[in-house]
Amino acid sequence: MTGGNELGELMLDPDEAQRKMDRWAAGLEEKAQRYAAAQERTEQLRLTASSSDGAVKITVGADGGVTDIEFGNKARTYPLEELSRQILQTMHKAQSGIAGQVAEVMQESLGDEDQETRALMIGTLRSRFPEMEEEESPDTPAPPASSADTPPPPQAPRDKRHEAPDDEENSPW
């Protein structure tokens, strides 16, 4: 950290030692403020994506959590399975931009400071929210199979012996 002579000089001049400690503390305080600002800006990030046909629009925060879902009129025409697929695909599309946006905030707030921590954090975000590959499927879903062509899946028999009277509420109590 410091050479042996420098430490001895500081001990001989307590005022200089105090000034160096004050500069060091001020530097730490400034660094803490930059990190706090970066954290605040990151928490305010919102990324929005829409499905290719506008049926679904989803907004996520920097943590990947969904903050808003909007449905266009086209969503009413989709079978539930297709609507579910559109929701998940659009959510993943919005989340795929998180790492890039957080990296941009960190670069603006921190410059080249603390590259190892930044690389670790951005790497973690990229593994949680990978970038989306371009869709190869058509914009419109295939029409649903007619219910006459597809029989309903068989229902498993329910064992009434182990079922509590209030099981319909899905309550564990």
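In this report, the structure presented in the accompanying data block is examined. (Residues numbered from 1 in each chain as written. Predicted model: local features only at pLDDT ≥ 70, side-chain atom pairs only at ≥ 80, totals over all residues. Heavy atoms only, no water.)

Let us now look at the pattern of salt bridges. For the structure shown, the criterion picks out 6 salt bridges. The salt bridge partner of R19 is E16, with a shortest N-O separation of 3.0 Å. Separated by 3 residues within a single helix, R19 and E16 lie in helix α2 (residues 14-44), roughly one turn from each other. Accessibility expressed as a relative area gives 40% for R19, which makes it partly exposed. (Salt bridge = Lys/Arg side-chain N within 4 Å of Asp/Glu carboxyl O. Helix = DSSP H or I, 4+ residues; strand = E, 2+ residues; numbered from the N terminus. Buried < 20%, exposed > 50% of the residue type's maximum accessible area, 1.4 Å probe, protein only.)

For the rest of this paragraph, the subject is a nonpolar patch on the surface. Taken together, the side chains of M21, W24 and L28 make up a nonpolar region of the molecular surface, amounting to roughly 350 Å² of accessible area. Tracing the backbone shows L28 in helix α2. Given the relative accessible area of 42%, L28 is considered partly exposed. (Patch = residues over 30% accessible without salt bridge, like charges linked within 9 Å, V, L, I, M, F, W, Y side chains within 5 Å. Areas by Shrake-Rupley, 256 points an atom, 1.4 Å probe, with all protein chains shown as cover.)

Ordered in space as β1-β2-β3, the 3 strands form an open sheet in which the pairing is antiparallel. Edge positions in the sheet fall to β1 (46-50) and β3 (66-71), since each has one partner strand and no second. Mean inter-strand twist for the sheet, computed between neighbouring axes without regard to direction, equals 15°. Two elements, strand β2 (residues 56-61) and β3, share 5 bridges in a ladder whose sense is antiparallel. Bridge pairing in β3 links V56 to F71. The sheet contacts of helix α3 (residues 80-95) involve β1, β2 and β3, and relative to β2 the element is tilted by about 40°. (Pairing = 2+ DSSP bridges. Axes fitted to C-alpha atoms, helices over the stretch in contact; angles between N-to-C directions. Contact = heavy atoms within 4.5 Å.)

The first and last C-alpha atoms of α3 sit 22 Å apart over 16 residues, in line with the 22 Å expected at 1.5 Å per residue. Every buried residue of α3 is listed here: E82, L83, Q86, Q89, T90, M91, A94 and Q95. Those residues of α3 hidden inside the fold are in contact with β1, β2, β3 and α4 (98-110). (Expected span 1.5 Å × (residues − 1).)

The next point concerns helix α5 (residues 115-128). The terminal C-alpha atoms of α5 lie 20 Å apart, and with 14 residues this matches the ideal 20 Å at 1.5 Å per residue to within 8%. Considered for burial, the residues of α5 that qualify are R118, I122 and L125. For α5, the angular spread of the buried residues around the axis is 55°, confining them to a single face. Counted as exposed and oriented over 90 degrees from the buried face of α5: E116, A119, L120 and S127. Those residues of α5 that are buried lie in contact with α4. (Arc of directions from axis to C-beta.)

Our focus in this paragraph is the environment of L45. Here L45 lies in the loop between α2 and β1. For L45 and D63, which are 18 residues apart along the polypeptide, the C-alpha to C-alpha distance reads 9.2 Å. Apart from the residues lying within four places of it in its own chain, the contact partners of L45 are V60, G61, A62, Q101, V102 and V105.

Among the nonpolar cores identified, the biggest contains 22 residues, and V60, I98, V102, I122 and L125 are the most heavily contacted of them. Elements that contribute at least two residues to this core include exactly β1, β2, α3, α4 and α5. Ranked by residues supplied to this core, first place goes to α4 with 6 residues. Not counting residues up to four positions away in its chain, the partners in contact with L125 are A62, I98, A99 and V102. (Core = buried A, V, L, I, M, F, W, Y, C linked by side-chain atoms within 4.5 Å.)

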